[in-house]
Amino acid sequence: MLSIGMPIDDWVEEVGARPGTAEECERLRHAPGSTMVTVQRMYYSGETRVETADIVVPADRFTLLYSGMMGRASGRDKPSVEENA
């Protein structure tokens, strides 16, 4: 993104878990309804969202590890933690 003048200065991820869809479970070679970890990752350049990725991985095969040094230079509020009812 830097090469096109859009330096990434912030990122946000929303992480959740849910049963996998039939297609996800088949493609990931897991039993139908297996628990999947979902990650919606968004990269920003200032206030502009420049990339979004939706990631689905089997919960029993992966551990997610986070680290980062980018600040909230864009002024967006911190993501909130929401409990699903």
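Above this text you will find the structure in question.
Procedures and definitions
- Position numbers for residues start from 1 in each chain and track the written sequence from start to end.
- The predicted nature of this model means local features are confined to residues of pLDDT at least 70 and side-chain atom pairs, given and counted, to a pLDDT of 80 or more, with totals for whole chains, interfaces and linings taken over all residues.
- Side-chain figures throughout are based on the complete set of non-hydrogen atoms in the structure, without hydrogens or water.
- Strands are treated as partners if at least two bridges between them are detected by DSSP.
- Strands here mean DSSP runs of E at least two residues long; helices mean DSSP runs of H or I at least four residues long; both are numbered from the N terminus.
- With a 1.4 Å probe rolled over the protein chains alone, any residue whose accessible area is under 20% of its type maximum counts as buried; one over 50% counts as exposed, and the rest are partly exposed.
- Inter-axis angles, ranging from 0 to 180 degrees, are taken between N-to-C directions of lines fitted to C-alpha atoms, where helices are fitted over the stretch in contact.
- Should a side-chain nitrogen of Lys or Arg be within 4 Å of a carboxyl oxygen of Asp or Glu, the pair is scored as a salt bridge.

1. Observations regarding the pairing of strand S2 (residues 35-45)
- Relative to S2, strand S1 (residues 10-19) is paired through ten bridges, and the arrangement is antiparallel. Within the sheet, the bridge partner assigned to Trp11 lies in S2 and is Tyr43.
- The sheet contact formed by S2 and strand S3 (residues 48-58) spans ten bridges and is antiparallel. Opposite Val37, over in S3, you have Val57 as the bridge partner.
- Here S2 hands over to S3 after two residues, with Gly46 in that stretch at a positive phi of 65 degrees.

2. Describing the environment of Leu2
- Topologically, Leu2 is positioned in the segment before S1.
- A residue is classified by how much of its surface remains accessible, and Leu2, at 65% relative accessible area, is exposed.
- Separated by 43 residues in the primary sequence, Leu2 and Ser45 place their C-alpha atoms 9.4 Å from one another.

3. Structural notes on the sheet that holds S1
- Across the sheet, which stays open at both edges, the three strands sit in the order S1-S2-S3 with antiparallel pairing between neighbours. Looking along the sheet, the strands with just one partner apiece sit at the ends: S1 and S3. In this sheet, neighbouring strand axes are inclined to one another by 15 degrees on average, regardless of whether the strands run parallel or antiparallel.

4. A word on unusual backbone geometry
- Positive phi outside glycine occurs at Arg29, with the angle close to 60 degrees.
- Judged by relative accessible area, Arg29 falls into the exposed class, the value being 74%.

5. A few points about the pattern of salt bridges
- Counting across every chain of the model gives three salt bridges.
- Linking Arg27 and Glu23 is a salt bridge whose minimum nitrogen-to-oxygen distance equals 3.9 Å. With Arg27 and Glu23 both in helix H1 (residues 22-27), this residue pair falls four residues apart, about one helical turn. For the pair Arg27 and Glu23, a shared accessibility class is recorded, and that class is exposed.

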